[in-house]
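Architecture at a glance
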Amino acid sequence: MIVKGGRLIDPASGRDALADIVIAGGRIEGIFPPGKAKGGGGETIDATGLWVLPGLIDMHAHLREPGQEYKEDIASGSAAAAAGGITTVVCMANTDPVNDNPTVTRSIIDRARAVGLARVLPAGAITMGLEGRRLAEMGLMKRSGIVAVSDDGRPVEDASVLRRALEYASTFGLPVILHSEDKSLAGKGVMNEGPLSARLGLPGIPAAAEEAMVCRDLAVARYAKTPVHITHVSTGGALAAIGACKETSLGMTCDVTPHHLLLTEEALSAYDTVFKVNPPLRTEKDRLALIEGIRNGTVDCIATDHAPHAADEKALDFDLAPFGVIGFQTLLPAIMKIHLEHDIPFMRLLACVTTNPARILGIEGGVLFEGARADLVLFDPKAVWTLTEDRVLSKSKNSPFLGWQFTGKVVRTLLEGRTVHVAD
Amino acid sequence: MEWSRKDLVSIAELSAEEILTVLDVSATFKEINRREIKKVPTLRGKTVVLLFYEPSTRTRLSFELAAKRLSADTVALSVSGSSFLKGETIMDAAMNVMAMIPDCIVIRYPYAGLPARLARELSCSVINAGDGAHEHPTQALLDLCSMRERFGRLAGLHVAMVGDIAHSRVARSNVYALKKVGARVSVVAPKTLLPQDISTWGVEVWHEFDPVVKDADVLMMLRVQKERMDEQCFPDEREYAHFYGLDRRRVDMMKPGAVIMHPGPVNRGVEITHEAADGSRSIILNQVENGVAVRMALLYLCLGGSADDR
């Protein structure tokens with residue numbers, strides 16, 4: 001197979017040039033100047049006018065299988081990921097049953113392989129049942145295929161459990177992804193606390209609930225001499241705390257979500273539950289701080305926190321509806337929007353969904369060079385399109401971007417040289 | 001002025017002119033309520049459904065009397081919190097009510113935002129009788145009605161609200177309404193019972209009660225919920241009453257002509273003592289009387305009764 005005439009953009013090598021890519025056996029056999037390709041029998045894909053990017057890695061998603069297949073399952077989630085140019089998905093452990101043992105891990109991986117539309121790499125639970133008390137079988141889960149541990153959806157409230165978890169996980173070389181939220185401060189909050197929550201009469205989640213826990217988590221991690229990865233950072237203060245310890249050799253890292261980069265709490269003024277997420281959408285000041293964090297490198301990754309919820313659940317009152325939005329199919333268009341609106345180099349943004357998550361997770365992928373797995377995305381940077389519900393491949397349609405017009409569209413996705421998505 | 005709203009969801013969305021229109025119309029209905037025959041045919045043939053998803057006696061009774069005195073047919077439904085959360089969603093319930101073609105739904109609900117959603121999605125009138133910690137617009141209107149009746153004006157009045165501002169829909173609606181009509185608003189509470197961003201509200205903030213007692217024209221005492229004690233917003237009732245309760249000592253400090261209000265129900269001995277609640281400065285029962293007239297005015301305006309029928 002040969003992908004001809006596209007503009008190859010690869011953050012790992014810094015390469016940004018027109019190239020022909022020859023693929024054989026699921027791997028990149030060679031990268032040649034345009035028209036100079038050797039070998040590459042079989043299909044020719046014309047990528048003229050398109051960008052050719054490494055397949056994206058989304059290090060934070062919820063696929064809901066096993067247990068909540070009415071929201072999403074591995075098949076629908078993988079299809080949506082492929083449509084978003086995401087070839088590697090890290091799925092969180094808050095399934096039912098919880099992925100806190102190697103049997104569940106194995107079943108997720110087997111199911112994803114049978115579906116074959118995306119590489120699904122589970123995160124195992126840090127603690128049994130995500131209850132924050134006893135450590136889960138991290139070592140055995142790693143042997144079954146987890147690439148990280150996380151109690152996502154919940155913080156590890158007990159600091160001594162956190163300390164032991166960090167020490168134990170690092171014994172097995174497992175990255176730890178933390179959802180940093182002080183539950184006692186967050187209380188029954190459903191949106192960012194501030195003048196708007198006071199006006200709407202909705203219980204607020206103070207920025208301090210996140211910032212206090214991030215600071216504690218970082219302090220424990222420093223003491224345990226292990227890195228941690230803080231997921232879905234939403235406040236300027238939390239990001240500043242992470243930035244302040246970036247210089248230590250331990251490598252504290254973090255990710256932000258597209259919805260926190262593109263939306264603020266103002267979206268909530270009509271009580272639309274689609275915008276109810278945890279951590280909550282914050283202020284414009286916070287949003288700009290996160291964007292600045294991408295520019296200056298404090299933010300390592302952009303991850304979707306893809307969290308499908310059924311329409312019935314989101315139809316509940318704002319206080320009662322579940323937290324979460326879907327995000328696979330809007331990840332790359334969102335990145336393009338940030339690139340265009342905030343003048344951040346596309347290469348830097350692309351690193352946040354390719355090389356950086358690969359490095360943090362210690363996995364292969366996110367690169368385009370000879371010998372690498374042929375996971376790639378063909379992206380039309382000029383295509384203008386509108387997200388409508390019928391385009392959403394997830395079972396649940398709770399996207400905060402429905403009706404938005406985006407510039408830049410995923411045209412084709414290859415997973416190990418196989419086409420797993422072609423735009424209509 | 002022309003009234004063009006089918007719904008009343010919040011005071012925040014009303015103009016000062018609209019607020020004053022409601023008060024003017026209320027005055028004429030108040031007169032009807034004092035007649036021997038307390039009934040006019042204004043809303044004959046209209047159906048008003050009262051959906052109360054939170055316990056309420058006076059607000060429900062007040063709305064029901066208001067509708068009946070305008071000759072509307074009323075159905076009141078009280079649903080306890082636990083039963084409605086199972087199975088049927090609130091929107092299912094609302095659509096079912098809507099299918100029976102009422103002209104107006106009056107809704108009280110434990111969570112913020114539902115009346116706004118119903119107003120948007122239903123073709124009938126929707127009147128908010130209190131939603132979560134968001135708003136209780138008819139309470140604010142009846143409070144303003146009572147103040148204007150007593151003082152002959154609202155602009156320049158100094159109104160002090162005392163107590164749980166943070167969780168109170170009554171406080172929110174009153175702050176918006178009073179500011180729109182040019183009153184001076186003070187709030188008095190410990191920081192734990194104030195919204196964290198109170199400085200953005202454009203009101204005077206006091207943590208000490210006595211200086212305000214001496215200066216206010218209206219002391220509006222808010223009900224203190226026991227659950228706030230469980231949330232560590234204050235240590236106990238004794239301490240609360242000492243610092244923020246209205247007792248005889250404080251009543252004696254009030255300006256000549258100043259009045260005491262309370263949206264009810266009253267926690268006697270906590271935010272207000274019986275001497276204060278039942279004394280000559282109290283206009284608590286006037287508030288209740290005006291509540292019926294204000295709700296008649298709103299039903300009349302939102303359901304588009306003609307001026308001749310009045």
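Residues numbered from 1 in each chain as written. Chains lettered and ligands numbered in written order. Predicted model: local features only at pLDDT ≥ 70, side-chain atom pairs only at ≥ 80, totals over all residues. Heavy atoms only, no water.

**Points about the overall build of chain A**
Looking only at helices and strands, chain A features 14 helices and 18 strands. Here chain A has a C-alpha radius of gyration of 20 Å; the compact-globule value for 424 residues is 22 Å, and the two agree. Considered along the principal axes of its C-alpha atoms, chain A spans approximately 60 × 45 × 40 Å. Counting across all 424 residues of chain A, residues that qualify as buried make up 62%. The contacts of chain A with a sequence gap of at least 6 include a subset with a gap of at least 24, amounting to 73%. (Helix = DSSP H or I, 4+ residues; strand = E, 2+ residues; numbered from the N terminus. Rg over C-alpha atoms; globule rule 2.2 N^0.38 Å. Buried < 20%, exposed > 50% of the residue type's maximum accessible area, 1.4 Å probe, protein only. Contact = heavy atoms within 4.5 Å.)

**Topic: the sheet that holds strand E5 (residues 158-162) of chain B**
Residues and elements named next belong to chain B. Read across the sheet, 5 strands follow the order E7-E6-E5-E8-E9 without closing on themselves; strand pairing throughout is parallel. Unpaired on one side and paired on the other, strand E7 (204-206) and strand E9 (259-261) mark the two borders of the sheet. Ignoring strand direction, the axes of neighbouring strands in this sheet form an average angle of 20 degrees. Looking at chain direction, strand E6 (residues 184-188) and E7 are connected through 3 bridges and run parallel. Following the sheet pairing, Ser186 is matched in E7 by Glu204. Across the sheet, helix H6 (residues 137-151) lies against E5, strand E8 (218-221) and E9, angled at about 165 degrees from E9, the strand it touches most. (Pairing = 2+ DSSP bridges. Axes fitted to C-alpha atoms, helices over the stretch in contact; angles between N-to-C directions.)

**As for the environment of Tyr300 of chain B**
Structurally, Tyr300 of chain B is set in helix H13 (residues 284-302). Owing to a relative accessible area of 5%, Tyr300 of chain B belongs among the buried residues under this scheme.

**Let's talk about the pattern of salt bridges**
Tallied over the entire structure, the rule returns 39 salt bridges over all chains. Here Arg106 of chain A makes a salt bridge to Asp110 of chain A, at a shortest N to O gap of 3.5 Å. With Arg106 of chain A and Asp110 of chain A both in helix H2 (residues 102-115), this residue pair falls 4 residues apart, about one helical turn. Its relative accessible area of 32% is what places Arg106 of chain A among the partly exposed residues. Asp210 of chain B is paired through a salt bridge with Arg250 of chain B; the nearest N and O atoms lie 2.7 Å apart. Pair noted here: Asp210 of chain B is in helix H8 (residues 210-215) and Arg250 of chain B is in helix H11 (residues 248-253), with a separation of 40 residues, a long-range link. The structure contains a network of salt bridges with shared partners spanning Arg27, Glu364 and Arg373 of chain A. (Salt bridge = Lys/Arg side-chain N within 4 Å of Asp/Glu carboxyl O.)

**Topic: the domain arrangement of chain A**
Residues and elements named next belong to chain A. As far as domains go, chain A holds domain 1 (2-51 + 372-422) and domain 2 (55-361). Between domain 1 and domain 2, the C-alpha centre-to-centre distance is 26 Å. Each side of the interface is counted separately: domain 1 has 40 residues, and domain 2 has 49 residues. Taken over both partners, the interface formed by domain 1 and domain 2 buries close to 3,300 Å², and the fraction arising from carbon and sulfur atoms is 68%. Across the contact surface, domain 1 and domain 2 share 3 salt bridges. (Domains from an automatic or database assignment. Buried area = accessible area lost by both parts, 1.4 Å probe.)

**Here's the deal with helix H1 (residues 16-33) of chain B**
All names here are of chain B. Compared with the 26 Å implied by 1.5 Å per residue over 18 residues, the 26 Å span of H1 between its first and last C-alpha is a close match. The complete set of buried residues in H1 reads Glu18, Ile19, Thr21, Val22, Leu23, Val25, Ser26, Phe29, Lys30, Ile32 and Asn33. Against helix H2 (58-69), H6, helix H7 (169-180) and H13 lie the buried residues of H1. (Expected span 1.5 Å × (residues − 1).)

**Regarding the domain arrangement of chain B**
All names here are of chain B. Split into domains, chain B comes out as domain 1 (16-135 + 288-305) and domain 2 (138-287). Spacing between the C-alpha centres of domain 1 and domain 2 amounts to 25 Å. Counting across the domain 1 and domain 2 interface gives 3 salt bridges. Between the two partners, domain 1 and domain 2, sit 18 residue pairs in polar contact (both at pLDDT 80 or more). The set of elements that each furnish at least two residues to the side of domain 1 that touches domain 2 consists of H1, H2, strand E3 (104-109), strand E4 (125-131) and H13. The biggest single contributor to the side of domain 1 that touches domain 2 is H1, with 8 residues. (Polar contact = N/O pair within 3.5 Å; in protein donor to acceptor, adjacent residues only side chain to side chain.)

**Quick notes on the nonpolar core**
Formed by 117 residues in total, the largest nonpolar core has its most connected members in Leu53, Val233, Ile294, Ile302 and Phe346 of chain A together with Ile107 of chain B. Excluding residues within four positions of it along the chain, Ile107 of chain B makes contact with Leu51, Tyr53, Leu114, Pro115, Leu118, Val126, Ile127, Asn128, Ala129 and Gly130 of chain B. In this structure, Trp3, Cys145, Ala160 and Ala297 of chain B belong to the second largest nonpolar core, which totals 93 residues. (Core = buried A, V, L, I, M, F, W, Y, C linked by side-chain atoms within 4.5 Å.)

**Describing unusual backbone geometry**
In this structure, Pro279 of chain A follows Asn278 of chain A across a cis peptide bond, with omega equal to -5 degrees. Take Pro279 of chain A: it is sitting in the loop between helix H9 (258-262) and helix H10 (284-296). Cis geometry is adopted by the peptide bond preceding Pro265 of chain B, which originates at Gly264 of chain B and carries an omega value of -10 degrees. Its location among the elements puts Pro265 of chain B in the loop between E9 and helix H12 (274-278). In this structure, Asp305 of chain A is a non-glycine residue whose phi angle is positive, near 50 degrees. Its location among the elements puts Asp305 of chain A in the loop between strand E15 (301-302) and helix H11 (311-314). On the basis of relative accessible area, Asp305 of chain A is assigned to the buried category, the value being 11%. Even without glycine at this site, Ile101 of chain B takes up a positive phi of about 55 degrees. Here Ile101 of chain B is to be found in the loop between helix H4 (90-99) and E3.

**Description of the confidence of the model for chain B**
Per-residue pLDDT for chain B averages 93, and the proportion of residues at 70 or more is 95%. Within the model, pLDDT remains below 50 along residues 306-310 of chain B, and this stretch shows 9 contacts once partners closer than five positions in the same chain are excluded. (pLDDT = per-residue confidence, 0-100.)

**Regarding the pairing of strand E1 (residues 2-10) of chain A**
Residue and element names in this part refer to chain A. With 7 bridges connecting them, E1 and strand E2 (residues 15-24) associate as antiparallel partners. Note that in E2 the partner of Arg7 across the bridge is Leu18. Judged from the 3 bridges that link them, E1 and strand E4 (residues 44-46) form a sheet pairing that is parallel. Bridge assignment links Ile2 to a residue of E4, and that residue is Thr44. Bridging between E1 and strand E5 (residues 51-54) involves 2 bridges; their strand directions are parallel.

**Section: the environment of Thr103 of chain A**
Tracing the backbone through its elements, the reader meets Thr103 of chain A in helix H2. Counting along the chain gives 79 residues from Thr103 of chain A to Asp182 of chain A, while the straight-line C-alpha distance between them is 31 Å.

**Points about the sheet that holds E15 of chain A**
Residues and elements named next belong to chain A. The strand order across the open sheet formed by 8 strands is E6-E7-E8-E9-E10-E13-E14-E15, and the pairing between neighbours is parallel. Looking along the sheet, the strands with just one partner apiece sit at the ends: strand E6 (56-61) and E15. Sheet topology note: the E6/strand E7 (residues 86-91) ladder contains 4 bridges and is parallel. Its bridge partner lying in E7, Ala61 is registered against Cys91. H2 contacts E7 and strand E8 (119-124) of the sheet and is inclined by roughly 170 degrees relative to E8.

**Overview of the interface of chain B and chain A**
Listed as interface residues are 21 residues of chain B and, on the opposing side, 15 residues of chain A. Each partner contributes to the roughly 1,400 Å² buried at the junction of chain B and chain A, and carbon and sulfur atoms together form 54% of this total. At the boundary of chain B with chain A, the tally comes to 0 salt bridges. Joining chain B to chain A, the criterion identifies 4 residue pairs in polar contact (both at pLDDT 80 or more). Listing elements by their share of the side of chain B that touches chain A, those giving two or more residues are H4, helix H5 (114-121) and H7 of chain B. A breakdown of the residues in the side of chain B that touches chain A according to their chemical character gives 12 nonpolar, 5 polar and 4 charged. (Nonpolar A, V, L, I, M, F, W, Y, C, P; charged D, E, K, R; others polar.)

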